[in-house]
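# A look at the structure
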Amino acid sequence: MAMAFATFNLSPSLRFVSNNKGFFDSQLSNSFVSSHSFLGTSFSVPTLSFSTILQTSCRPHINSSPCSSTSFRCFSQKSPVDGLGSNGASERLVVLVIGGGGREHALCYALQRSPSCDAVFCAPGNAGISSSGNATCIPELDISDSSAVISFCRKWCVGLVVVGPEAPLVSGLANDLGKVGIPTFGPSAEAAALEGSKNFMKSICDKYGIPTAKYQTFSDASAAKQYIKEQGAPIVIKADGLAAGKGVIVAMTLEEAYEAVDSMLVEGIFGSAGCRVIVEEFLEGEEASFFALVDGENAIQLESAQDHKRVGDGDTGPNTGGMGAYSPAPVLTEELQSLVMESIILPTVKGMSAEGCKFVGVLYAGLMIEKKSGLPKLIEYNVRFGDPECQVLMIRLESDLAKVLLAACRGELKGVSLNWSPGSAMVVVMASQGYPGSYEKGTVIQSLEEAENVAPCVKIFHAGTALDLDGNFVATGGRVLGVTAKGRDLKEARDRAYDAVEEIKWPGGFYRRDIGWRALPQNEFARNA
């Protein structure tokens, strides 16, 4: 193999140096998994420029484009990749991840490790993603502007776009990328309505016999309150549209339920997302998260996981976006996982196809394993990886994620199998004091490097961080860090995760001390009480 080096200058403050193994030595870094001969060239785009020695997988092709003196024509190159079927070959890919939270950091981490992935970009990304070397962040790229994303993909020879958050999917980013032939892992706007509208999701359940809680949909507050009075409490009130994970109220009394209805339909706290509400039967049991990759016709399940939605220990306090998770989840036995695939996932995939809006992406089923029956019911669908469940899944995944996701885009998941590391993984979310309410931004976080080194297999995923003028990490969001660890079993994963958490110096943050409490004996939590 030819030896080669490349120097990147993306801005006056950034300088990347690449060696022949493909890793950049800098504060902000990226990985090119280099295993081919190289051709020399240089080019520029509106916000990024570099002079480099490029792999033959992207050969320069001179044309008369007014946007650039050099464009690139991508040629597939084959290399052996384990863990997917019997094909034994994979195209070399440049991947763009859309988003900038903990989920996207975990996806970048897994993609960077993919043998078929040459480079990972993340837009907008965050300071932790950049500093970790898991991707090159592109904060200047407006991900709400499809034409800008398309232009970036063409200029940088992007062969796969992975959309992390739900909002770009609901707004149609995957539709726009698909129209110009850019493979995109994520559903169309029509299929993303499974998350974008809870009423739509419930109607699909009704039509295709998918088990879910009894419900009614309302746009009139008085009618909703009358139904609540008839049904009694506890009862669940949900905003129909996207509400950043805050649109679900579990009301334990009639008064709480009435207040939830008024806040959404009368006061409009969620805007248009709350112009309709779903009033839903309260299900008693244990929640679990079930993920399946879908290519429009076929689905393959991922490992199980369990989230912790409430802000306080013992599942107390208001709902959040998630305060921690672990994988696998003992509550989802092999028998239950098979039942979920047969009664929930596959009927949804077939139903969406029959409705003329095939689903391509990841289906995240929020489940309730009912206490009285022991059977799973669908609480809600998300049309993207969960956060923080994605963190524990990606740290355990051993298959080539880039190749798997490209197969889903091409309708080629049939016969694909995934490899997972044995044992367990846990993530403990560190959040800003006050979350999920108002919280202070800009508090300094220290000793992150020391935390990652306290034990093997510890990885800190950043969700809401930036760098201040002194080079310190500061908190910029509600959920800020996902301290993740693997272990031979859940206890070891838990001990490693909390050892790392305790090393972090952040007076402005807090965390739950009982992640995994449903799966571990209560005396395992004594040291953190």
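By the naming in an unreviewed UniProt entry, the chain goes by phosphoribosylamine--glycine ligase and is assigned to Gossypium trilobum. Quoted verbatim from the Pathway (unreviewed entry) field of UniProt, the annotation for the chain is "Purine metabolism; IMP biosynthesis via de novo pathway; N(1)-(5-phospho-D-ribosyl)glycinamide from 5-phospho-alpha-D-ribose 1-diphosphate: step 2/2."

Let us now look at the overall build of the chain. Along the backbone of the chain there are 14 helices and 30 strands. Expressed as a percentage of its 529 residues, the buried residues of the chain come to 58%. Contacts in the chain between residues far apart in sequence, at least 24 positions, make up 66% of those at least 6 positions apart.

Take the environment of P139 next. Examined against the element boundaries, P139 turns out to sit in the loop between β9 (136-137) and α3 (146-155). A sequence separation of 12 residues divides P139 from A127, and the C-alpha atoms of the two residues are 10.0 Å apart.

Tallied over the full model, the rule gives 8 aromatic pairs. Relative to F461, the ring of Y109 has its centre 5.5 Å away and its plane inclined at 75°; by these criteria the two rings are edge-to-face. Of this pair, Y109 sits in helix α1 (residues 102-112) while F461 is found in strand β26 (residues 458-462), placing the two residues 352 residues apart along the sequence. By relative accessible area, which is 0% here, F461 ends up buried. An aromatic cluster is present here, built from F121, F152 and W156 joined pairwise through their rings.

Turning our eyes to something else, we now look at unusual backbone geometry. Residue P124 follows A123 across a cis peptide bond; omega there is 0°. Of note, P124 is situated in strand β8 (residues 117-124). Here the bond from S327 into P328 is cis, since omega is 0°, no more than 30 degrees from zero. Tracing the backbone shows P328 in the loop between β21 (324-327) and α10 (334-354). Its identity is not glycine, yet D315 carries a phi of approximately 55°, on the positive side. Tracing the backbone shows D315 in the loop between β19 (310-312) and β20 (316-319). A positive phi is found at C457, a non-glycine position, where the angle reads about 60°. Position of C457 among the secondary structure elements: in the loop between α13 (448-452) and β26.

What follows deals with the pattern of salt bridges. Taken as a whole and judged by the stated rule, the model has 22 salt bridges. The partner of R396 in a salt bridge is E303, with the nearest N and O atoms 3.0 Å apart. Placement of the pair is R396 in helix α11 (residues 389-396) and E303 in the loop between β17 (299-301) and β18 (306-307), with a sequence separation of 93 residues. Taking relative accessible area as the criterion, R396 reaches 3% and is therefore assigned buried. Ionic pairing is found between K491 and D495, a salt bridge with its closest N-O pair at 2.9 Å. Placement of both K491 and D495 in helix α14 (residues 490-503) is noted, with a separation of 4 residues, approximately one turn of the helix. Here the residues in one salt-bridge network are D315, R512, D514 and R518, joined through shared partners.

This brings us to the sheet that holds strand β11 (residues 184-185). Strand order in the open sheet made by the 5 strands is β9-β8-β7-β10-β11, with parallel pairing throughout. In this open sheet, the two strands that pair with only one neighbour each are β9 and β11. With 4 bridges connecting them, strand β7 (residues 93-99) and strand β10 (residues 160-163) associate as parallel partners. When the bridges of β10 are listed, I98 appears paired with V163. In the packing of α3 onto the sheet, contacts are made with β7, β8 and β10, and the angle to β7 comes to roughly 160°. Most of the contacts of helix α12 (residues 401-409) go to β10, to which it runs at about 90°, and overall it touches β7, β8, β10 and β11.

Relative placement of two packed helices is described by the angle separating their axes and the distance separating the axes. In the contact formed by α1 and α11, the axes pass within 8 Å of each other and the chain directions differ by 10°. Viewed along their axes, α1 and α11 adopt a mutual orientation that is roughly parallel. Contacts between α1 and α11 involve G102, R103, A106, L107, Y109 and A110 on the former and, on the latter, C390, Q391, M394 and I395. Its residues placed into classes, the contact of α1 with α11 shows 7 nonpolar, 2 polar and 1 charged.

As a further point, take the environment of Y511. Relative to the elements of secondary structure, Y511 occurs in the segment after β30 (509-510). For Y511 and M430, which are 81 residues apart along the polypeptide, the C-alpha to C-alpha distance reads 4.9 Å. With sequence-adjacent residues up to four places away left out, Y511 is seen in contact with V428, V429, M430, Y498, V501 and E502. Here the side chain of Y511 touches R513 through a polar contact of 3.4 Å, side chain to side chain.

So, on to the packing of helix α7 (residues 198-208) against α10. Relative to each other, α7 and α10 sit at 100°, their axes nearing to 10 Å. Compared by their axis directions, α7 and α10 come out roughly perpendicular. Residues F200, I204 and Y208 of α7 touch α10, and the partners they reach there are P347, G351, M352 and A354. Classifying every residue of the contact of α7 with α10 gives 6 nonpolar, 1 polar and no charged.

All right, on to the pairing of strand β29 (residues 479-487) then. With respect to burial, β29 is a largely interior element, 8 of its 9 residues being buried. Inspection of the sheet shows strand β24 (residues 424-432) paired to β29 by 8 bridges, in the antiparallel sense. Paired with S424 across the bridge in β29 is G487. Pairing of β26 with β29 involves 5 bridges; the strand directions are antiparallel. Paired with K459 across the bridge in β29 is T484.

The rules behind each value
Residues numbered from 1 in each chain as written. Predicted model: local features only at pLDDT ≥ 70, side-chain atom pairs only at ≥ 80, totals over all residues. Heavy atoms only, no water. UniProt positions renumbered as here; feature names shortened; annotations may be inferred. Helix = DSSP H or I, 4+ residues; strand = E, 2+ residues; numbered from the N terminus. Buried < 20%, exposed > 50% of the residue type's maximum accessible area, 1.4 Å probe, protein only. Contact = heavy atoms within 4.5 Å. Phe/Tyr/Trp six-rings, centres within 6.5 Å; stacked < 30°, edge-to-face > 60°. Salt bridge = Lys/Arg side-chain N within 4 Å of Asp/Glu carboxyl O. Pairing = 2+ DSSP bridges. Axes fitted to C-alpha atoms, helices over the stretch in contact; angles between N-to-C directions. Parallel < 35°, antiparallel > 145°, perpendicular 65-115°, else oblique. Nonpolar A, V, L, I, M, F, W, Y, C, P; charged D, E, K, R; others polar. Polar contact = N/O pair within 3.5 Å; in protein donor to acceptor, adjacent residues only side chain to side chain.

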